[in-house]
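So the chains spell out like this:
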Amino acid sequence: MQIVLVLHNLLRWGVLIFGIWTLLNAISGVTGKRKYSAGDNRSNLLFMIFCDIQLLLGLILYFGNSWFDRLKDLGNNMKDPYNRFFTMEHMSMMILAWILVHVGRASVKRANTDAAKHKRMLIFFGLAIILILVSIPWPFKEVAKPYLRWFN
Ligand code: HEM
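In this report, we go over the structure that sits alongside the text. (Residues numbered from 1 in each chain as written. Predicted model: local features only at pLDDT ≥ 70, side-chain atom pairs only at ≥ 80, totals over all residues.)

**A short note on the overall build of the chain**
Here comes step 1: Within the chain, the regular secondary structure consists of five helices and zero strands.
Here comes step 2: In the chain, the succession of α and β elements from N to C terminus is α-α-α-α-α.
Here comes step 3: Buried residues in the chain amount to 24% of all 152 residues.
Here comes step 4: Once local pairs closer than 6 in sequence are excluded, the contacts in the chain between residues at least 24 apart make up 73%. (Helix = DSSP H or I, 4+ residues; strand = E, 2+ residues; numbered from the N terminus. Buried ≥ 20, exposed ≤ 12 C-beta atoms within 10 Å, placed from the backbone. Contact = placed C-beta atoms within 7 Å.)

What follows is the structure in structure tokens.
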């Protein structure tokens, strides 16, 4: 499970890099009224791929590190911020972000004009990035995990 945890920790930087790149593209697309380019498509495709990998690794951690089992004693676990964060909050917010990314990409593909594509990119991926940013266990939060993790 250590290797999955290390990968889940490190790949969050991939999610953030491609997510912020997508967001910057969307902002410049909306404000600059430019064409929807191959670069726009590439940035949000990579963002989606990294989110897919994170979901897979997250599910392995969720079931493999007994977070799922803690749902059985929900009352007691909800009283503890650490258990509540990983059994409920982190998982549900990240899955919501993942859904937004997938629905967003399908919606961008379906849009008929370049302006509509950029606008949808901004809304869906912008919301997803906000959810991801607030649901990461940053070292300065109550439930804190390191910025980088390696094998020990
Ligand atoms: C974009 C999506 C996600 C990001 C950026 C993300 C990020 C993180 C980070 C930074 C950690 C701390 C790792 C460490 O201790 O070094 C973590 C832990 C964890 N994540 Fe995620 N995560 C994402 C999605 C998910 C999803 C969808 C699930 C569950 C279905 C999940 C389940 C977990 C669990 C269970 C842990 C705690 C692992 C443990 O210590 O046992 N994550 N996540």
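Alright, that's what it looks like, and here's the rest.
**Concerning the site of the ligand**
Here comes step 1: Taken together, 26 residues lie near the ligand, and Asn9, Gly58, Asn65, Met94 and Lys145 sit nearest.
Here comes step 2: Put simply, the parts of the chain that give the shell around the ligand at least two residues each are helix 1 (2-32), helix 2 (38-64) and helix 4 (81-110).
Here comes step 3: Per element, the largest residue contribution to the shell around the ligand is seven residues, and it comes from helix 2.
Here comes step 4: In terms of residue class, the shell around the ligand is made up of 17 nonpolar, six polar and three charged. (Near = placed C-beta within 6 Å. Nonpolar A, V, L, I, M, F, W, Y, C, P; charged D, E, K, R; others polar.)

**Structural notes on helix 4**
Here comes step 1: Under the 1.5 Å per step criterion, the end-to-end length of helix 4 is 41 Å for 30 residues, consistent within 8% with the ideal 44 Å.
Here comes step 2: Of all the bends in helix 4, the greatest, near 35°, is centred on Glu89.
Here comes step 3: Along helix 4, the residues classified as buried are Phe86, Thr87, Met94, Ala97, Leu100, Val101, Gly104, Arg105 and Val108.
Here comes step 4: Residues of helix 4 that are buried in the fold lie against helix 2, helix 3 (74-79) and helix 5 (114-135). (Expected span 1.5 Å × (residues − 1). Bend = angle between axes of the 7 residues up to and from the residue.)

**Describing unusual backbone geometry**
Here comes step 1: Positive phi outside glycine occurs at Lys33, with the angle close to 50°.
Here comes step 2: Lys33 sits in the exposed class, given 10 other C-beta atoms within 10 Å.
Here comes step 3: Unusually for a residue other than glycine, Ser66 sits at a positive phi of about 60°.
Here comes step 4: In this fold, Ser66 is placed in the loop between helix 2 and helix 3.
Here comes step 5: The exposed category is assigned to Ser66, around which 10 C-beta atoms lie within 10 Å.

**Observations regarding the packing of helix 4 against helix 5**
Here comes step 1: Orientation of helix 4 relative to helix 5, taken along the N-to-C sense of each, is 170°, at an axis distance of 9 Å. With respect to each other, helix 4 and helix 5 are oriented roughly antiparallel. Judged by residue contacts, Glu89, His90, Met93, Met94, Leu96, Ala97, Leu100, Val101, Val103, Gly104, Ser107 and Val108 of helix 4 engage Lys117, Arg120, Met121, Phe124, Phe125, Leu127, Ala128, Leu131, Ile132 and Ser135 from helix 5.
Here comes step 2: Residues that form the contact of helix 4 with helix 5 fall into these classes: 15 nonpolar, four polar and three charged. (Axes fitted to C-alpha atoms, helices over the stretch in contact; angles between N-to-C directions. Parallel < 35°, antiparallel > 145°, perpendicular 65-115°, else oblique.)

**Focus: the nonpolar core**
Here comes step 1: Counting 20 residues, the largest nonpolar core has Phe47, Cys51, Ala97, Val101, Phe125, Ala128 and Ile132 as its most contacted members.
Here comes step 2: Those elements that place two or more of their residues in this core are helix 1, helix 2, helix 4 and helix 5.
Here comes step 3: Phe47 has contacts with Phe18, Gly19, Thr22, Val101 and Phe125, leaving out every residue within four places of it along the chain. (Core = buried A, V, L, I, M, F, W, Y, C linked by C-beta atoms within 7 Å.)

**Concerning the packing of helix 1 against helix 5**
Here comes step 1: Packing of helix 1 against helix 5 leaves a shortest axis separation of 9 Å and a crossing angle of 145°. Remark: the crossing between helix 1 and helix 5 carries left-handed chirality. For the pair helix 1 and helix 5, the contacting residues are Val15, Gly19, Ile20, Thr22, Leu23, Ala26, Ile27, Gly29 and Val30 in the first and His118, Lys119, Met121, Leu122, Phe125, Gly126, Ile129 and Ile132 in the second.
Here comes step 2: The class makeup of the residues in the contact of helix 1 with helix 5 is 11 nonpolar, five polar and one charged. (Left-handed = near helix turned anticlockwise from the far one by under 90°.)

These results come straight from atomic positions and should not be treated as a statement about function.
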